[in-house]
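A look at the structure
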Amino acid sequence: MKISGYEDLRVQRTIKSIYEAFEELIVEKDYEKITVTELAKRAMINKKTFYRYYPTLDDLLAEIQAHYSQEYLKQIENFQYPRDLAKSVRAFFTYSAAQDKAYERITISSADSAYAGIRQQMINQVMNKTWGTSPAFNRLNDWQKRILFNFIQNTGLQVYIQWVKNDKKEPLEDVINEAVALMEGGVNAYLHLN
């Protein structure tokens, strides 16, 4: 349930409490091990209250994913690709660096984690709204599009994952510059060939 700001103050507090408890649990444990009972207890509500707003934990996770994606998309909505690739990479890293530990956990999760599916949904939504509208990208055939999509998403994601796993020791500006160099070099060379 997305809060519009017009809900009763008690409803707003309840939803906020559910979000905070869920984000704490995401940081602490694997998604498969989170239960509604545990979430309700931590949020200081009963299970019926949770189910009043969310049919399942998956619905709550999807809402959080949508929030992350929408906030990032607002920052890059006027970018054009490939021209603004460097600005987009910078926006991704500065946005990601400003997020909470739950975002971080979802984003750096392994491919076999339950969080990987929700991370992929976030990536797909962003890629389709950005590169999906690029004339240069749309001149490629389907196979070439998949190659380019995979390169872009995996390169940015892997640089971010390595930075986080290294406890963010490298200055953010250096990380951004490295990611931009890798991505612009690869994308520009690939589009030039095709």
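Above this note sits the structure.
Structure report, in brief. (Residues numbered from 1 in each chain as written. Predicted model: local features only at pLDDT ≥ 70, side-chain atom pairs only at ≥ 80, totals over all residues. Heavy atoms only, no water.)

**Looking at the overall build of the protein**
To keep it simple, the criterion reads: Only DSSP runs of H or I covering at least 4 residues are called helices, and only runs of E covering at least 2 are called strands; the numbering of each starts at the N terminus. Exposure classes here rest on a 1.4 Å probe applied to the protein chains alone. A residue is buried below 20% of its type maximum, exposed above 50%, and partly exposed in between. What makes two residues a contact is simply this: any of their non-hydrogen atoms within 4.5 Å.
Each helix and strand counted, the protein has 10 helices and 0 strands in total. Written out in order from the N terminus, the α and β elements of the protein read α-α-α-α-α-α-α-α-α-α. Counting only C-alpha atoms and orienting by the principal axes, one finds that the protein spans roughly 60 × 35 × 30 Å. Evaluated residue by residue, the protein yields a buried proportion of 45% over its 194 residues. Look at the contacts in the protein between residues 6 or more apart in sequence, and 63% of them connect residues 24 or more apart.

**Some words on the packing of aromatic side chains**
Short version of the rule: For this analysis, a ring pair means two rings from Phe, Tyr or Trp (six-membered ring only for Trp) whose centres lie within 6.5 Å, classed as stacked if their planes differ by under 30 degrees, edge-to-face if by over 60, and tilted for the remaining angles.
Evaluated as defined, the whole model comprises 15 aromatic pairs. Of the aromatic side chains, those joined through ring pairs into one cluster are Y68, Y72, F92, F93, Y95, Y103, Y160 and W163.

**Concerning the packing of helix α5 (residues 85-97) against helix α9 (residues 142-165)**
Any two packed helices are characterised by the angle at which their axes cross and by the distance between the axes. We count it as follows: Axis lines are fitted to C-alpha atoms, over the contacting stretch for helices. Their N-to-C directions set the angle, which ranges from 0 to 180 degrees. Note: crossing handedness is left-handed where the near helix turns anticlockwise from the far helix by less than a right angle, and right-handed where it turns clockwise. Under the grouping applied here, Gly and all other residues not named as nonpolar or charged are polar, the nonpolar ones being Ala, Val, Leu, Ile, Met, Phe, Trp, Tyr, Cys and Pro and the charged ones Asp, Glu, Lys and Arg.
Where α5 contacts α9, the axes come no closer than 11 Å and their chain directions differ by 35°. Here α5 runs over α9; the crossing is right-handed. In this structure, α5 uses F92, F93, S96 and A97 to contact α9, whose residues at the interface are G156, V159, Y160 and W163. Along the lines of polarity and charge, the residues of the contact of α5 with α9 split into 6 nonpolar, 2 polar and no charged.

**A word on the packing of helix α4 (residues 57-76) against α5**
As a reminder, the rule being used: We call two directions roughly parallel when the angle between them is under 35 degrees, roughly antiparallel when it is over 145, roughly perpendicular when it lies between 65 and 115, and oblique otherwise.
Between α4 and α5, whose axes approach to 10 Å, the crossing angle comes to 140°. By the criterion of interaxial angle, the relationship of α4 to α5 is oblique. For the pair α4 and α5, the sense of crossing is right-handed. Residues H67, Y68, E71, Y72, Q75 and I76 of α4 form the contact with α5, whose participating residues are S88, A91, F92 and Y95. The class makeup of the residues in the contact of α4 with α5 is 6 nonpolar, 3 polar and 1 charged.

**Regarding unusual backbone geometry**
The residue after Y81, namely P82, is reached through a cis peptide bond having omega 10°. You can see P82 is positioned in the loop between α4 and α5. Of note in the backbone geometry, M44 takes a positive phi value of approximately 60° without being a glycine. With respect to the element layout, M44 can be found in the loop between α2 (36-43) and α3 (47-53). Look at M44 and you get exposed, because its relative accessible area is 76%.

**Focus: the nonpolar core**
Quick reminder of the rule: Residue types Ala, Val, Leu, Ile, Met, Phe, Trp, Tyr and Cys, when buried and joined through side-chain atoms within 4.5 Å, form a set referred to as a nonpolar core.
Counting residues in each nonpolar core, the largest one holds 64 residues, and the members touching the most others are F22 and W131. It is α9 that contributes the most residues to this core, 9 residues altogether. Ignoring sequence-local partners within four residues, the contact set of W131 consists of Y81, P82, L85, F137, N138, L148, F149, I152, V187 and L191.

**A look at the pattern of salt bridges**
Put simply, the rule is: Any Lys or Arg side-chain nitrogen located within 4 Å of an Asp or Glu carboxyl oxygen qualifies as a salt bridge.
Applying the stated rule across the entire model yields 12 salt bridges. E38 is paired through a salt bridge with K29; the nearest N and O atoms lie 2.9 Å apart. When its relative accessible area of 23% is taken as the criterion, K29 is described as partly exposed. Salt-bridge contacts for D84 lead to R83; the nearest nitrogen and oxygen are separated by 2.9 Å.

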